[in-house]
Amino acid sequence: MRINRVLILGIDALEYDLVEKWDLRNLKQEEYGKTELPLLPNQEPATVIIWPCFITGKIPKEMGFSTIHVFPQPIQRVVEVAYPRVRKYLIDYNAKDITEKKKGKQSYLDKFANWLNKIGLTHPPSKSDIISDTLFDTIPNSIHFHVPVYDNDAFPAYRKKVVDAIENPAHRPILEIQCLQEFKQRTKEVFEWLERKDEWDLFMQYFFVLDAVQHVFYNNPKKIAKFYIMFDEFVGKVRERIDDDTLLLIVSDHGQKKGIHTNYGFYSVNKPLGLKNPKLIDFRWIIEELIGR
Ligand SMILES: [Zn+2]
């Protein structure tokens, strides 16, 4: 098996159990499964922590941060030591759905964290908070779009409106249109760069849309299925257009059920790699080895 190129489709919140339930063959590819995430005990996976772990191949502490808001260094290093010890007293992760979660201790912690952000003590993580190198550093011909934290434009402008639309049903139709727009624009980018495949060895595209859809329409499986099928058809078209020497990796940072992130991810590949319950942070090293760095 000769691999010269790797195409990564990072699909936020792609849920293993739903891919299985609806038997989405294109998403499953030749090999698929759950991944183990770099989490503290009982931690709900956070998008802004897991994706940087994926591209660095490191656990949060070694990647740079395990909190969703970050203090300036060297304070964050102290937080990294203290946080795993105190968080079990701060968080209850037994909520069954998103409404219950909002009533729990987590909501007070979120409010406190937002306040720290507001007064400028912390900030949302950005590229400079990632203290490890990434697979984009070791593979020179890399192209990446919208990767959370790493790329500035990772999250679409409507991300803030997701929270709003969960509470206010009147805002949901607009949000759905924005989700469709994101899907259209980002799939278009993939097809454009597939035409220009001589210009890259590694290409990663990230999609936020499924996370948004599953938060807002968490009690509407038909709506969720519509978006899953869109992704499945998109992957089918991608699979037709890639060469035999290209590894297609589909990967998620967590799944989602009833609006709550599940504590495992999804992966699939178009070549049998024989992986058994891989860790999400293994993929950086697998990719580097496959394309010979
Ligand atoms: Zn996510």
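Predicted model, so just to flag it, every value in this text is computed and none were measured.

The strand order across the open sheet built from six strands is 2-8-5-1-4-3, with neighbouring strands paired in mixed fashion. Each end of this open sheet is capped by a strand with a single partner; those strands are strand 2 (31-36) and strand 3 (142-145). With direction set aside, neighbouring strand axes in the sheet form an average angle of 15°. Pairing geometry for strand 1 (residues 5-11) and strand 5 (residues 246-251), over six bridges, is parallel. Residue pairing across strands places Ile8 opposite Leu249, the latter belonging to strand 5.

Bringing the pairing of strand 4 (residues 202-207) into the picture now. Buried residues dominate strand 4, accounting for six of its six residues. The side-chain alternation of strand 4 yields two buried faces, one formed by Leu202, Met204 and Tyr206 and the other by Phe203, Gln205 and Phe207. The sheet contact formed by strand 1 and strand 4 spans six bridges and is parallel. Across the sheet, the residue bridging to Ile8 is Met204, located in strand 4. When strand 3 meets strand 4, the two strands line up parallel, connected through four bridges. Looking across to strand 4, one finds that Ile143 is bridged to Phe203.

In this section: the pairing of strand 8 (residues 264-269). When you tally the buried positions in strand 8, you get six out of six residues, the bulk of the element. Of the two faces of strand 8, the one carrying Tyr264, Phe266 and Ser268 and the one carrying Gly265, Tyr267 and Val269 are both buried. Where strand 2 and strand 8 come together, six bridges link them in antiparallel fashion. By the bridge assignment for strand 8, Thr35 is matched with Gly265. Across three bridges, strand 5 lies against strand 8 in antiparallel orientation. Across the sheet, the residue bridging to Val251 is Tyr267, located in strand 8.

With that settled, the discussion passes to unusual backbone geometry. In the segment running from Gln73 into Pro74, the intervening peptide bond is cis, with an omega of 5°. Summarising the element assignment, Pro74 is placed in the loop between helix 4 (60-63) and helix 5 (75-90). In this model, His146 sits at a positive phi of 65°, which is unusual for a non-glycine residue. Secondary-structure assignment places His146 in the loop between strand 3 and helix 9 (159-167). Positive phi values are uncommon outside glycine, yet Asn277 reaches one of about 40°. Summarising the element assignment, Asn277 is placed in the loop between strand 8 and helix 13 (283-290).

Criteria and thresholds
Residues numbered from 1 in each chain as written. Predicted model: local features only at pLDDT ≥ 70, side-chain atom pairs only at ≥ 80, totals over all residues. Pairing = 2+ DSSP bridges. Helix = DSSP H or I, 4+ residues; strand = E, 2+ residues; numbered from the N terminus. Axes fitted to C-alpha atoms, helices over the stretch in contact; angles between N-to-C directions. Buried ≥ 20, exposed ≤ 12 C-beta atoms within 10 Å, placed from the backbone.

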